[in-house]
Amino acid sequence: MKGFNSKLVHGDKNFRDKNKDKFGALRTPIYDCAAFEYDSSEEIADAFEGKVCGHAYTRISNPTVAELESRIAYISGAESVVCLSSGMAAISNAVISLCAAGDNIITSKYLFGNTYSLFKNTIASFGIEARFVDLTNPEEIKNNIDEKTRAIFLENITNPHLIIFDMEKISTIADENDLILIVDNTLLTNYIFDCKKFGVDIEVISNTKIISGGGTSVGGSIIAYKSDKWAKNPKLNLNIKEGEVTFMKSYRKEIYKNFGSCLSPQNAYYQILGLETMSLRIDKNSGNALKVAKFLETEEKVKSVNYTGLTNNKYHSLTKKQFKGNGGSLLTFELGSKEECYKFMNELSMIRRSTNLCENKTLIIHPYSTIFCEYSEDKKKELEISDKMLRLSLGIEDACDIIEDIKKALTVL
Ligand SMILES: *Cc1c(COP(=O)(O)O)cnc(C)c1O
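So, here is what we can say about the structure in this document. Everything numeric here is computed off the predicted structure, so don't read it as measured data. Counting from 1, residues in each chain are numbered in the order their sequence is written. This being a predicted model, a pLDDT of at least 70 is required before a residue's local features are given, and a value of 80 or more before pairs of side-chain atoms are given or counted; all residues contribute to the totals for chains, interfaces and linings. Note: side-chain values were computed over all heavy atoms of the structure, leaving out hydrogens and water.

1. A short note on the packing of aromatic side chains
1) Next: Pairing of aromatic side chains requires ring centres within 6.5 Å, counting the rings of Phe and Tyr and the six-membered ring of Trp. Pairs whose planes differ by under 30 degrees are stacked, by over 60 edge-to-face, and all others tilted. Summed over all chains, the structure comprises 11 aromatic pairs.
2) Next: Here Phe119 and Phe153 contribute two aromatic rings whose centre-to-centre distance is 5.0 Å and whose plane-to-plane angle is 90°, an arrangement assigned as edge-to-face. With Phe119 in helix α6 (residues 113–125) and Phe153 in strand β4 (residues 149–155), the pair connects residues that are 34 residues apart, well separated along the chain. Of the two residues, Phe119 and Phe153, neither departs from the other in class, the shared state being buried.
3) Next: Through a chain of ring-to-ring contacts, the aromatic side chains of Tyr116, Phe132, Phe372 and Tyr375 assemble into a single cluster.
4) Next: Sitting above the plane of the Tyr74 ring, Lys7 keeps its charged end 5.4 Å from the centroid. Numbered from the N terminus, helices here are DSSP runs of H or I no shorter than four residues, and strands are runs of E no shorter than two. Only protein chains enter the accessibility calculation, which uses a 1.4 Å probe. A residue is then buried if its area is under 20% of the maximum for its type, exposed if over 50%, and partly exposed in between. For a ring to carry a charge above it, either NZ of a lysine or CZ of an arginine must fall within 6 Å of the ring centroid while also lying within 35 degrees of the normal to the ring plane.

2. Things to note about the pairing of strand β6 (residues 202–206)
1) Next: Counting buried positions along β6 gives five out of five residues, so the element sits mostly inside the fold.
2) Next: On β6, burial covers both faces: Ile202, Val204 and Ser206 on one face and Glu203 and Ile205 on the other are all buried.
3) Next: Strands qualify as paired when DSSP identifies two bridges or more between them. Alignment of strand β5 (residues 180–184) against β6, held across three bridges, turns out to be parallel. Residue pairing for β6: Asp184 is matched across the bridge by Val204.
4) Next: Across five bridges, β6 lies against strand β7 (residues 220–224) in antiparallel orientation. Note on β7: the bridge partner recorded for Glu203 is Ile223.

3. Brief notes about the nonpolar core
1) Next: With 55 residues, the main nonpolar core has Ile141, Ile152, Leu154, Leu181, Phe193 and Met278 as its most contacted residues.
2) Next: Examining the composition of this core, we find that five residues originate from one element, helix α4 (residues 63–76), more than from any other.
3) Next: By convention a nonpolar core is built from buried Ala, Val, Leu, Ile, Met, Phe, Trp, Tyr and Cys residues, the set being connected through side-chain atoms within 4.5 Å. Core analysis: the second largest hydrophobic core is formed by 40 residues, Ile128, Tyr368, Leu383 and Ile385 among them.

4. Concerning the site of the ligand
1) Next: We call a residue near a given molecule or strand whenever any one of its heavy atoms falls within 4 Å of it. Around the ligand, the structure places 13 residues, and the nearest of them are Gly87, Asp184, Ser206, Thr208 and Lys209.
2) Next: One of the backbone N or O atoms of Gly87 is found 2.9 Å from an oxygen atom in the ligand.
3) Next: A distance of 2.8 Å is found between an oxygen atom of the ligand and a side-chain nitrogen or oxygen belonging to Lys209.
4) Next: Using a 1.4 Å probe, accessible areas were evaluated by the Shrake-Rupley method; residue-level cover was limited to the displayed protein chains. In the complex, 90% of the free accessible area of the ligand, which totals 380 Å², lies under the protein chains.
5) Next: The biggest single contributor to the shell around the ligand is helix α5 (residues 87–98), with three residues.
6) Next: Class assignment of the residues belonging to the shell around the ligand gives a composition of five nonpolar, six polar and two charged. Polar contacts, as used here, are pairs of N or O atoms within 3.5 Å; protein pairs need one atom able to donate a hydrogen and one able to accept it. Residues neighboring in sequence count only if both atoms are side-chain atoms. Amino acids outside the nonpolar list (Ala, Val, Leu, Ile, Met, Phe, Trp, Tyr, Cys, Pro) and the charged list (Asp, Glu, Lys, Arg) are all regarded as polar, and Gly is one of them.

5. What about the side chain of Thr246?
1) Next: The residue Thr246 is located in the loop between α10 (234–238) and α11 (247–253) in this model.
2) Next: Within the structure, Thr246 has its side chain in polar contact with the backbone nitrogen of Lys249 (distance 3.1 Å).
3) Next: Only heavy atoms matter for contacts: two residues are in contact if any of them lie within 4.5 Å across the pair. Apart from residues no more than four positions distant in its own chain, Thr246 is found in contact with Glu79 and Trp230.

6. Topic: helix α13 (residues 265–276)
1) Next: Helix length check: α13 (12 residues) gives 17 Å between terminal C-alpha atoms against 16 Å at 1.5 Å per residue, within 8%.
2) Next: Within α13, the full set of buried residues consists of Pro265, Ala268, Gln271, Ile272, Gly274, Leu275 and Glu276.
3) Next: Looking at the buried side of α13, the elements it contacts are α1 (4–10), α4 and α14 (278–297). Take the number of residues in a helix, subtract one, and multiply by 1.5 Å to get its expected span.

7. With respect to the pattern of salt bridges
Pairs can form between side chains of opposite charge whenever their charged atoms are close.
1) Next: Counted as salt bridges are all cases of a side-chain nitrogen of Lys or Arg within 4 Å of a carboxyl oxygen of Asp or Glu. Tallied over the full model, the rule gives 17 salt bridges.
2) Next: Salt-bridge contacts for Lys51 lead to Glu49; the nearest nitrogen and oxygen are separated by 3.1 Å.
3) Next: Residue Lys51 is classed as exposed on the basis of its relative accessible area, which comes to 59%.
4) Next: Note on Glu49: relative accessible area 55%, which makes it exposed.
5) Next: A salt bridge links Glu168 to Lys321; the shortest N-O distance between them is 3.2 Å. Here Lys321 lies in helix α15 (residues 316–323) and Glu168 lies in helix α8 (residues 167–176), a separation of 153 residues in the sequence.

Structure below.
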């Protein structure tokens, strides 16, 4: 199989053959159990030691979760994948696996809110420093790297600013300094941004978003690519006494088991189901985003529109180079004031007021008063969160209905 869609629907045949269902079920059953039994003490010992391919306890591995992991590895060309209880679990587990107290990572201030808080507060309390730098400035990145820097972390299209970084430049700096490049690919997924092609070592995604699609469940993935940097990371080396050091071998041995952030089999099932139709939905989500962005540009009451799929957008050339010209499903736009934003939102009838994104349903939110509500005025200014800005996540409805709803709501301003 060559095509992305065929791979999405069927998964890896080798994996399927090895894990054939006893009854021939065409869909992997939900193994919703905590533990697995063995016929002999030798067999259960081998399973625990990982000598045989078997499952012992769901916090460590589970057949339904393994199916999802195999599916994601197959479409991304990754070395290994682990699925976790949330996108935040994927991000926190990945960083903690690579850094010990005294180490640091390079990142930007343009991050998903909880990731920012994780870096600013949580890992800092473990003695791990996040250096918030301007990732569009190669010199600034280089100047912040020292012998304790372990990774560069970024979101490939930031939310809600929709900034795109030059992956080629950043990936070169990461390679030159043996830094592990971690990219949060939640907003685009591998269908739009091919991490492997751009030298990403670890991709993290929130399965909650595009993969789940219907907002059915929370989950996340750490997707590790083949890399010669694993053996150069001191923390990863600690866990591997013999044989090749890989991110996943080291991670599964310690952090994965000890942090207990496993994905539930039920949620893995929902996410396998969602994964199979992911590309169809992305095409529809982003097609709608482009249509709505173009419409918003023609409306006088809309002060500005930010969508990287528009040819006049600052990041359009990078969108073409890195994301196959696809701007994804998120856009933002500005109205005259915060009051206008509230009034407009309250007037919408089909579009729903909610925080999720990359969903089947079109969702709108006022980031200033919700996602960023815990931050002071000054902090919001520093993070460039305007109270005039609305974020729209386009769903898979008919574009004419989305536009009609917006048009009607704009008339009250
Ligand atoms: C939602 C999101 C996360 C966190 O994922 P959860 O599944 O909610 O924990 C991380 N990064 C980005 C870009 C997100 O949109």
